[in-house]
Structures are given as structure tokens and as C-alpha cells.
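Residues per chain are reported as follows:
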Amino acid sequence: MMTQRGAVGSVVLTAVALTAGAGVVAAAPAPAKAAASVSHGKVTDNLYMSLGDFEDAVSGENPKIKAMIDRSDIGGVQVVVPWKALEGKKGEYKWSRLDNALKYLQERHKKLFVQVQDRFFDVAMKDANIPQYVKDEGGVAPTIDENPDNPTTHGAMAAQWNKDVRADFQAMLKAMARKFDGKLAGVNLPETAVEVDTKTDQTKYTSKSYIDAEIDNMRYGKKVFTKTQFIQYINFLPDDDDHKRMKEMFDLARDKKIGIGGPDTLPDRKYQMENSYKFLHEYKNALPLVAMAVQEPDINAKDPKTGKPFTRERFTDFAHDYLGARQMFWTTEADWLQKPAT
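In this text the structure is predicted, and so the values were computed from the model without any measurement. (Residues numbered from 1 in each chain as written. Predicted model: local features only at pLDDT ≥ 70, side-chain atom pairs only at ≥ 80, totals over all residues. Heavy atoms only, no water.)

Visitor: So what about the overall build of the protein chain? Which residues, and what values?
Guide: Within the protein chain, the regular secondary structure consists of twelve helices and eleven strands. Taking all 342 residues of the protein chain together, 57% fall into the buried category. Pairs at least 24 residues apart make up 79% of the contacts formed inside the protein chain by residues separated by at least 6 positions. Surface summary for the protein chain: the accessible area is close to 14,500 Å², and the carbon and sulfur share equals 50%. (Helix = DSSP H or I, 4+ residues; strand = E, 2+ residues; numbered from the N terminus. Buried < 20%, exposed > 50% of the residue type's maximum accessible area, 1.4 Å probe, protein only. Contact = heavy atoms within 4.5 Å. Areas by Shrake-Rupley, 256 points an atom, 1.4 Å probe, with all protein chains shown as cover.)

Written as C-alpha cells, this is what we have:
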């Protein structure tokens with residue numbers, strides 16, 4: 001069983017997943033094909049936030065975050081943008097908010113990464129930030145988070161396994177690439193951990209059709225973004241205890257030069273180490289880019305080696321040395337961001 005946690009309301013936050021299904025897990029196989037080794041240079045630190053939070057900062061409503069964006073040790077910003085913010089009526093795309101964010105950052109010699117969000121946690125289905133026409137056509141599925149560490153919560157996601165929903169989503173990606181390819185530093189799709197509430201679902205979800213759809217979107221995103229680095233976040237997959245489907249995704253990433261990342265950096269955390277982390281470690285020299293986030297729950301998690309919260313150095317060393325990360329996206333709540341840049 002997959003579990004997930006996160007918070008999404010009218011302002012979108014990146015989803016987080018900390019636990020995965022039980023089962024015996026074998027060691028990750030080495031990549032089947034040889035690939036040119038990727039050099040892992042110094043990690044570039046970036047902020048991550050919702051598009052709304054970014055706009056509040058640059059408008060002056062949140063001067064503290066605005067000052068963080070201008071720090072000399074910050075290379076850019078990852079903004080989380082819901083599908084609905086990019087498309088209202090079917091085929092009518094809205095780029096002004098991304099245009100404004102890009103212009104603001106370019107003027108400050110900073111980079112913009114965009115996470116296109118199609119799944120939302122702890123939110124009613126009717127409030128999910130998915131275009132209304134998709135909802136009207138029955139293209140939204142209910143999700144559930146049964147994480148034993150937190151109260152059960154419910155959310156919603158676009159039913160990507162529905163070919164019509166996926167075609168609409170990919171049409172939006174194509175239009176976005178036509179507008180921004182080569183201008184953005186990176187575009188990523190969100191985490192793969194999902195648990196559809198099959199008791200109430202009416203979209204004919206299956207774990208196989210879900211993973212097939214994720215793989216198809218990976219392929220398509222890379223096809224249309226030829227200059228901007230395309231990235232897929234991978235953490236857990238439903239009903240994939242033998243990890244054959246996860247290996248399939250990593251093989252595709254290696255072969256098609258798709259970047260891989262994750263919504264959490266949690267050094268030596270058991271469930272992550274048994275899932276995507278072991279693949280990131282094995283494939284890190286064959287991937288064009290590894291990009292990892294450090295989110296609010298991560299900074300409060302306890303380091304199994306010390307019993308204390310992880311330090312910045314521990315996060316960075318693990319992400320760089322073990323996972324091969326070259327880009328990191330930090331919550332603005334991270335302690336080191338509360339101090340002046342060194």
C-alpha cells in the first residue's frame with residue numbers, strides 16, 4: 001500500500017511521501033546498459049514554493065521570502081503550478097503568471113524550475129486545482145492517505161490513465177514547451193506515490209494503468225521539451241513490491257536522458273532506501289540530472305544516525321554523494337535560510 005502526505009488548499013504545495021508498501025525488497029539491479037558517466041558537480045541550492053507564494057514575495061507582501069530569492073547563494077526557484085493555473089477552458093492556455101515569474105528571475109540572473117501539479121493532497125475533489133472541464137468529464141479520481149503517523153486524509157488527482165485526460169494534459173505540456181522550451185531551467189512532473197480510493201473511484205483506475213500513464217507522460221514530456229531539462233519525480237509506485245516497474249522507469253530515464261528527482265531528501269530513511277533511493281544511487285552516473293527537494297516535514301525528521309533533526313550538511317552530502325543530486329529545492333522554512341548568506 002502506498003501512503004502519501006501533503007497539504008494543498010487554494011495555494012498548492014508540493015506533495016510529499018514518506019512511507020511505502022510493505023514487502024520483501026531486493027537490491028536494485030545495476031543499469032542494464034552502459035551509459036556515459038555523468039559528472040556530479042557542486043549542488044546548486046534553489047528555493048521551492050507555490051506559484052502563489054512566489055507572487056506574494058515578489059509583490060512585496062512577503063518581504064522575507066523576497067529577500068531569500070535575492071540571496072547570493074540561491075540559484076533559482078522551483079514553483080509548483082497546478083494544471084488549472086495554466087489552462088481554463090479546454091485548449092485555452094494562460095502563460096502570463098509564468099511569464100512574470102520568468103522575467104522577475106531572469107532580471108536577477110536566477111533560474112526558474114516549474115513543477116506541473118496534477119495531484120492534490122488533503123483537499124476535496126471539487127476543490128482540486130484541475131481544469132473544470134476535466135472534472136465535468138469525470139476525469140478526477142479520489143485519493144486517500146492512510147499514513148499511520150497521521151490522520152487519514154483525502155485528496156484528488158487527474159485520472160491520467162484515462163486516455164482523454166492524458167491527451168488533454170499532454171496537449172498542455174506541448175503548448176507549454178512551445179512557449180517556454182529553452183527558457184526554463186527545468187520542468188518536472190510530481191511524485192509517483194499515489195493511493196487511489198478504489199472504494200469510491202469511478203475512473204476505472206488500476207495500478208498498472210496508472211504506472212503505464214506515468215511512463216507515457218515521461219516519454220511525452222521529454223519529446224516536447226528538447227532544450228529545457230525534463231524531470232520526473234519518482235518515490236514509490238503502487239503494487240510494485242518487486243520494483244520491476246520502477247526499474248522500467250529508471251531505464252527509460254537513462255535511455256531517453258530524462259532527469260529524475262524526488263519530493264523528499266531523507267538520508268538513510270528505511271522506506272526511501274528500499275524504493276527510489278536505491279535506484280537513484282545505482283543510476284546516478286547514467287542520468288542527465290538528479291534534482292531533490294527538502295520540504296517542511298523533512299527538516300523536522302530525525303536523523304537515524306543521531307536521533308536529532310538532519311543538518312543542512314547531512315541533507316546536501318547525502319543528496320549529492322549518494323543520490324547524485326546537482327539541484328536541490330529547499331523549503332523556505334529551512335534553518336540556514338533564516339540566517340544571512342555566507
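Visitor: Which residues make up the nonpolar core, and what values do they have?
Guide: In this structure, F54, W83, V114, V116, M176, F250 and L280 are the most contacted members of the largest nonpolar core, which totals 91 residues. Per element, the largest residue contribution to this core is eight residues, and it comes from helix α6 (residues 163-180). In contact with F54, not counting residues within four places along its chain, are M49, I69, V77, V79, A101, Y104 and L105. Formed by eight residues, the second largest nonpolar core is a distinct cluster that contains Y48, F113, A291 and A293. (Core = buried A, V, L, I, M, F, W, Y, C linked by side-chain atoms within 4.5 Å.)

Visitor: Account for the side chain of Q327, naming residues and giving values.
Guide: Secondary-structure assignment places Q327 in strand β11 (residues 327-330). Polar side-chain contacts of Q327 include one of 2.8 Å to the side chain of N46. Setting aside anything within four residues of it in sequence, one finds Q327 in contact with T44, N46, F113, L289, V290, A291 and M292. (Polar contact = N/O pair within 3.5 Å; in protein donor to acceptor, adjacent residues only side chain to side chain.)

Visitor: Tell me about the packing of helix α7 (residues 207-224) against helix α8 (residues 244-256), and please be specific about residues and values.
Guide: It is the contact of α7 with α8, at a shortest axis distance of 11 Å, that shows an interaxial angle of 5°. Considering the angle they form, α7 stands roughly parallel to α8. In this structure, α7 uses K208, I211, D212, E214, I215, M218, R219 and K222 to contact α8, whose residues at the interface are R245, E248, M249, L252, A253 and K256. (Axes fitted to C-alpha atoms, helices over the stretch in contact; angles between N-to-C directions. Parallel < 35°, antiparallel > 145°, perpendicular 65-115°, else oblique.)

Visitor: Quick rundown of unusual backbone geometry? Include the residues and the values.
Guide: Backbone geometry follows two general trends: most residues other than glycine have a negative phi, and most peptide bonds adopt the trans configuration. Backbone geometry places H109, a non-glycine residue, at a positive phi of 60°. Mapped onto the secondary structure, H109 falls in the loop between α4 (96-107) and β3 (111-117). For H109, a relative accessible area of 74% corresponds to the exposed category. Not every positive phi belongs to a glycine, and D239 is a case in point at roughly 55°. Along the chain, D239 falls in the loop between β8 (229-233) and α8. Relative accessible area serves as the criterion here: at 67%, D239 is assigned to the exposed category.

Visitor: An account of the sheet that holds strand β5 (residues 140-145) is needed here, citing residue identities and associated values.
Guide: Spatial strand order, β4-β6-β5: three strands in an open sheet with antiparallel pairing. The outermost strands of the open sheet, each flanked by one partner alone, are β4 (119-120) and β5. Bridge count between β4 and strand β6 (residues 153-158): two bridges; the pairing is antiparallel. Following the sheet pairing, R119 is matched in β6 by M157. (Pairing = 2+ DSSP bridges.)

Visitor: Go over the side chain of D201, please, and point to the residues and values.
Guide: Among the structural elements, D201 can be located in the loop between β7 (186-189) and α7. It turns out D201 is buried and unbridged, and the closest side chain with the opposite charge, K204, is 10.0 Å from it. Side-chain polar atoms of D201 contact the backbone nitrogen of K204, separated by 3.4 Å. In terms of polar contacts, D201 uses its side chain to reach the backbone amide nitrogen of Y205, at 3.1 Å. Apart from the residues within four sequence positions on either side, D201 is in contact with A141, P142 and V196. (Lys, Arg positive; Asp, Glu negative; His and termini not counted. Salt bridge = Lys/Arg side-chain N within 4 Å of Asp/Glu carboxyl O.)

Visitor: An account of the environment of A301 is requested, with residue identities and associated values reported.
Guide: Secondary-structure assignment places A301 in the loop between α11 (296-300) and α12 (312-322). A relative accessible area of 10% places A301 in the buried class. Each C-alpha atom of the pair A301 and R269 lies 9.6 Å from the other, and the pair is 32 residues apart in sequence. A301 has contacts with L266, R269, K308, P309 and F310, leaving out every residue within four places of it along the chain.

Visitor: So what's going on with helix α10 (residues 276-283)? Which residues, and what values?
Guide: The buried fraction of α10 is high, at six of eight residues. Among the residues of α10, S276, Y277, K278, F279, L280 and Y283 are the ones counted as buried. For α10, the elements touching its buried residues are α8, β9 (259-262), α9 (270-273), β10 (290-294) and α12.

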